[in-house]
Protein chains: 2
Amino acid sequence: MKNVLHAKCVICGRTYDAAPNLTNCACGGILDIVYDYDSIKSSLSKADLAARQEYTIWRYRELLPVEAGTELPPLRVGWSPLYQADRLAGQLGIQRLYIKDDGINPTASLKDRASAMAVAKAREAGAEVIACSSTGNAASSLAGNAAAAGLKTYIFVPSRAPKGKVAQLMAFGATVISVQGSYEDTFELSKAAISRWGWYNRNAAINPYLSEGKKTVGLEIMEQLHWVVPDYIAISVGDGCTIAGLWKGLKDLYAIGFIDRLPRLISAQAEGCCPLNRAIETGEAWRPMEENTLADSIAVGVPRNADKALLAIRESNGLTVNVSDQEIMDAQKLLGRTCGVFGEPAGVTGTAGLKKLCEQGKIPASATAVSVVTGNGLKDVANAIASCGEPVSIPNDMDQLLKAFAERGITVE
Amino acid sequence: MKNVLHAKCVICGRTYDAAPNLTNCACGGILDIVYDYDSIKSSLSKADLAARQEYTIWRYRELLPVEAGTELPPLRVGWSPLYQADRLAGQLGIQRLYIKDDGINPTASLKDRASAMAVAKAREAGAEVIACSSTGNAASSLAGNAAAAGLKTYIFVPSRAPKGKVAQLMAFGATVISVQGSYEDTFELSKAAISRWGWYNRNAAINPYLSEGKKTVGLEIMEQLHWVVPDYIAISVGDGCTIAGLWKGLKDLYAIGFIDRLPRLISAQAEGCCPLNRAIETGEAWRPMEENTLADSIAVGVPRNADKALLAIRESNGLTVNVSDQEIMDAQKLLGRTCGVFGEPAGVTGTAGLKKLCEQGKIPASATAVSVVTGNGLKDVANAIASCGEPVSIPNDMDQLLKAFAERGITVE
């Protein structure tokens with residue numbers, strides 16, 4: 001890959017050739033893919049991008065770690081819509097707000113960005129089997145992207161994974177192991193199995209290429225904003241890989257001169273599981289926490305990518321915010337009603353966090369913010385119905401309709 | 001609208017000015033929007049389209065019935081991916097197969113195409129409230145598209161609607177009336193309420209503009225195939241509006257000379273509810289049927305758009321095929337495993353029908369076919385899990401993993 005120099009450990013600085021089956025550094029640290037920005041600068045301009053009609057993550061080929069001849073995976077991943085949300089901005093009391101709806105990806109979450117990259121790199125490695133552990137979305141996205149490419153998958157999910165995600169896995173034909181325990185237990189069993197059978201490893205904090213897929217969300221946001229940098233980008237944080245990937249994309253654009261400043265990240269976690277935010281807030285090392293939140297995708301008590309995530313939040317002079325499950329479900333309704341965007345609980349946690357910071361007066365009224373919705377609400381219908389309520393239920397009878405409206409105080413216009 | 005001549009009744013031929021709040025003809029017949037194809041021919045070329053970077057249904061503005069100044073609704077609808085499915089084509093024994101995944105629309109079904117149009121026309125009519133009855137997808141798509149546009153919705157669904165669709169409705173803030181009865185009961189109550197309160201009517205066989213939104217699926221398929229016409233397009237049929245819309249789009253392209261022949265439609269219905277296919281097969285008038293299928297979106301015993309649908313199937317020299325619930329669920333797995341596309345039961349019924357026709361030797365091996373997946377499998381998770389099965393469930397223990405694999409005959413690679 002002529003655009004990539006090497007992979008470099010974020011802990012000890014040791015470098016490695018960018019082979020397709022890279023895992024962690026010998027020291028245990030996570031690797032980061034290092035690009036030749038001078039070369040990229042000379043081969044890619046904003047005008048080049050504007051002229052491209054490939055609206056997927058692969059429109060950014062110069063900034064992605066794939067060989068020129070690699071067959072790209074079939075599913076159409078990325079270029080999710082960025083909606084200008086004026087009514088919601090008004091309610092939050094800020095100047096401008098954009099909602100990036102990543103729930104419209106092929107398997108309905110941002111994780112498709114990483115899984116598409118995993119499939120591309122697995123092909124480079126000559127692998128025919130890919131495995132991962134996941135709270136659910138990385139799992140279903142890997143299963144879908146691999147199925148489309150004709151690769152086999154072994155997938156480990158915690159038994160709490162919502163039914164929507166499990167249904168996807170089964171439909172995509174993955175071999176699914178539901179682990180009775182925490183995400184940490186799930187991760188450990190997948191690690192042992194991957195080591196035993198030598199499968200291609202799609203665990204996000206192990207395989208350094210996955211962040212490179214995820215960073216495309218940042219590349220897209222900036223191109224969709226015509227390279228005008230927002231003040232804040234809010235996103236939910238679990239394992240830490242997504243916020244780290246987002247940050248990498250923004251820094252790439254800064255390095256090649258496409259943007260002239262960097263936004264501040266807003267790291268939103270659940271109150272019941274916020275080990276990374278707690279580390280930032282206390283200034284101490286992160287420590288494990290219980291996984292007490294209904295936002296299953298970010299219920300990660302032992303975040304696997306703590307190093308890159310903490311670095312990203314700190315480098316961006318970021319804000320942390322922890323929200324209750326009630327605040328998360330309120331944000332789900334708020335996004336649905338004002339924007340027509342239905343996000344899963346973890347998907348809307350960034351918006352919940354942004355709202356809370358606005359209410360606390362920590363975001364100036366002049367601010368422009370972006371909130372990334374990382375997954376579709378259809379992934380977890382049980383929690384949505386518990387929060388949003390059930391409909392009026394009546395027979396085909398106008399009198400009963402009138403009575404039901406009156407009882408519920410519904411004034412018909 | 002300078003591209004539209006008028007609306008014309010498909011039964012009696014009476015014409016009407018194309019006002020935004022058109023409903024049925026005085027005779028009860030359904031109206032069809034008639035375009036000035038000569039004018040469109042002179043204002044739109046294939047090269048014009050190829051140069052456009054608006055990848056939504058609105059890229060076809062010259063072929064859509066909206067005023068030049070109409071504010072278009074915010075959600076990004078259309079331009080769903082068309083995947084070349086070589087492995088599945090091989091399994092079906094045909095030359096080439098494409099899967100159009102309409103489940104990636106903003107509310108996860110093809111119905112977003114019609115609902116976006118409904119919102120645009122409601123705005124032209126100055127309406128602030130829209131109402132419809134629906135088996136579920138038209139409902140959730142209307143709720144989402146209207147919420148994004150700041151319009152209020154009253155929505156009637158049969159009580160059997162799957163939880164995913166109901167969850168969307170509630171999250172989008174619609175006033176939802178769950179009618180204890182059939183789709184016909186639901187339709188009748190919505191009709192009475194719309195008549196009583198004067199809401200803008202998004203019932204698909206009443207409002208003639210909705211087919212015009214749906215036809216964009218046909219426009220896209222042809223543009224994505226670079227105007228090379230496939231031999232067959234398979235799609236599931238319930239109310240009849242979707243197949244009629246698809247056909248309208250294809251005929252539009254033929255009328256303006258963008259394609260030089262028309263494909264044959266494959267009308268796929270459920271064995272337990274196939275009133276339209278039965279009419280074609282027997283040559284008799286259609287008669288109501290029970291709604292005996294788990295494919296809820298096409299469980300329509302009294303199809304509201306029978307006239308346009310039957311005309312479309314006949315004009316295209318189409319094929320009919322009725323599939324069992326088992327064949328539908330088998331198609332869901334087949335699409336998931338070979339294409340990474342997860343469709344809801346009604347969404348995969350077109351593929352199930354195509355497969356059955358191939359097995360019956362009714363499709364030549366040299367054929368090129370397109371199958372439209374009309375909705376996302378996440379809409380109806382309960383049926384997917386019932387069909388695809390549950391995962392292996394074990395604690396974090398390698399010995400138990402080995403035992404579970406052995407018990408299930410899973411040979412690890």
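Provided above is the structure to which this section pertains.
Rules behind the numbers
- Residues numbered from 1 in each chain as written.
- Chains lettered and ligands numbered in written order.
- Predicted model: local features only at pLDDT ≥ 70, side-chain atom pairs only at ≥ 80, totals over all residues.
- Heavy atoms only, no water.
- Axes fitted to C-alpha atoms, helices over the stretch in contact; angles between N-to-C directions.
- Helix = DSSP H or I, 4+ residues; strand = E, 2+ residues; numbered from the N terminus.
- Parallel < 35°, antiparallel > 145°, perpendicular 65-115°, else oblique.
- Left-handed = near helix turned anticlockwise from the far one by under 90°.
- Contact = heavy atoms within 4.5 Å.
- Pairing = 2+ DSSP bridges.
- Phe/Tyr/Trp six-rings, centres within 6.5 Å; stacked < 30°, edge-to-face > 60°.
- Buried < 20%, exposed > 50% of the residue type's maximum accessible area, 1.4 Å probe, protein only.
- Salt bridge = Lys/Arg side-chain N within 4 Å of Asp/Glu carboxyl O.
- Least-squares fit on C-alpha atoms with pLDDT ≥ 70 in both.
- Nonpolar A, V, L, I, M, F, W, Y, C, P; charged D, E, K, R; others polar.
- Disulfide = S-S within 2.5 Å.

Visitor: Even after reading the chapter, I still don't get the packing of helix α9 (residues 216-224) of chain A against helix α10 (residues 241-255) of chain A, so can you show me in this structure?
Guide: Think of two packed helices as two axes; the pair is described by the angle between the axes and how far apart they sit. Residues and elements named next belong to chain A. Interhelical geometry of α9 versus α10 gives an angle of 50° and a closest axis separation of 6 Å. By the angle between their directions, the pair α9 and α10 is classed as oblique. Two packed elements cross with a definite hand, and for α9 against α10 that hand is right-handed. Touching V217, G218, L219, I221 and M222 of α9 are L246, G249, L250 and L253, all from α10.

Visitor: Explain the sheet that holds strand β3 (residues 31-35) of chain B here, please?
Guide: Whether parallel or antiparallel, the strands of a sheet pair through hydrogen bonds between backbone atoms. The antiparallel open sheet is built from 3 strands, whose spatial order is β2-β1-β3 (chain B). Here the strands that pair on one side only, and so sit at the sheet edges, are β2 (15-16) and β3 of chain B.

Visitor: When you look at the packing of aromatic side chains in this model, what are you seeing that I'm missing?
Guide: To describe a pair of aromatic rings, you give the distance between the ring centres and the angle between the ring planes. On inspection of all chains with the given rule, the structure shows 19 aromatic pairs over all chains. A ring pair is formed by Y55(A) and W79(A), whose centres lie 4.9 Å apart and whose planes are at 55°; its orientation type is tilted. Here Y55(A), found in the loop between α2 (46-51) and β4 (82-84), pairs with W79(A), found in the loop between α2 and β4; they are 24 residues apart in sequence, far enough to count as distant. Here the aromatic rings of W197(A) and W199(A) are separated by 5.1 Å at their centres, their planes lie at 25°, and the arrangement is stacked. Overall, W199(A) belongs to the buried group, its relative accessible area being 5%. These aromatic residues form a ring-pair network of at least three members: Y55(A), W79(A), Y55(B) and W79(B).

Visitor: What's the story with the pattern of salt bridges in this structure? I'm lost.
Guide: Oppositely charged side chains can form a pair if their charged atoms are brought close together. The full count for this structure, using the stated rule, is 50 salt bridges over all chains. Here K308(A) makes a salt bridge to D32(A), at a shortest N to O gap of 3.9 Å. With K308(A) in helix α12 (residues 306-315) and D32(A) in strand β3 (residues 31-35), the pair connects residues that are 276 residues apart, well separated along the chain. Here R304(B) and E184(B) are joined by a salt bridge, their closest N and O atoms 2.8 Å apart. With R304(B) in the loop between α11 (275-282) and α12 (306-315) and E184(B) in helix α7 (residues 183-197), this pair connects stretches of sequence that are 120 residues apart. Classification of R304(B) as partly exposed rests on a relative accessible area of 22%. Through salt bridges with shared partners, a single network forms among D32(A), E212(A), K215(A), K248(A), D252(A) and K308(A).

Visitor: Can you walk me through the relation of the copies chain A and chain B in this structure?
Guide: Here the second copy of the chain follows from the first by a rotation about an axis and a shift along it. Each copy superposes on the other: chain A lies on chain B with an RMSD of 0.0 Å after a rotation of 180° and an axial shift of 0.0 Å. The symmetry that links the two subunits is that of a two-fold axis. Looking at chain A, 100% of its interface residues are interface residues in chain B too, so the copies touch through the same face.

Visitor: What is the right way to look at the sheet that holds strand β14 (residues 392-394) of chain A in this model?
Guide: Spatially, 5 strands are ordered β14(A)-β8(B)-β7(B)-β6(B)-β9(B) in an open sheet, and the strand pairing comes out parallel. Here the strands that pair on one side only, and so sit at the sheet edges, are β14 of chain A together with β9 (200-201) of chain B. As defined by bridge partners, β14(A) adjoins strand β8 (residues 175-179) of chain B across 3 bridges and the pair is classed as parallel. Looking at β8(B), one finds that V392(A) is bridged to I177(B). Each of β14 of chain A together with β6 (129-133), β7 (152-158), β8 and β9 of chain B touches α7(B); the most contacted strand, β7(B), lies at about 150° to it.

Visitor: Would you explain the packing of helix α11 (residues 275-282) of chain A against α12(A) in this entry?
Guide: Residue and element names in this part refer to chain A. Axis separation between α11 and α12 bottoms out at 10 Å; the angle between their running directions is 50°. When the axis of α11 is compared with that of α12, the two are oblique. For the pair α11 and α12, the sense of crossing is right-handed. Residues L276, N277, A279 and I280 of α11 form the contact with α12, whose participating residues are A306, A309, L310, I313 and R314. Class assignment for the residues of the contact of α11 with α12 results in 7 nonpolar, 1 polar and 1 charged.

Visitor: Sorry, what's going on with the pairing of strand β13 (residues 368-373) of chain B here?
Guide: Regular strands place side chains that alternate from one sheet face to the opposite one. All names here are of chain B. In terms of burial, β13 is largely enclosed, as 6 of its 6 residues are buried. Alternating residues of β13 divide into T368, V370 and V372 and A369, S371 and V373, and every residue in both groups is buried. Judged from the 6 bridges that link them, strand β5 (residues 96-101) and β13 form a sheet pairing that is parallel. Bridge assignment links Y98 to a residue of β13, and that residue is V370. Relative to β13, strand β10 (residues 232-236) runs parallel, the two being bridged by 3 bridges. Residue pairing for β13: I233 is matched across the bridge by V370.

Visitor: Got a minute to help me understand the state of the cysteines in this structure?
Guide: In a disulfide, the sulfur atoms of two cysteines are covalently bonded to one another. Counted by the stated rule, this structure contains 0 disulfides over all chains. Residue C25(B) stays outside any disulfide, its sulfur separated by 3.6 Å from that of C12(B), the closest cysteine.

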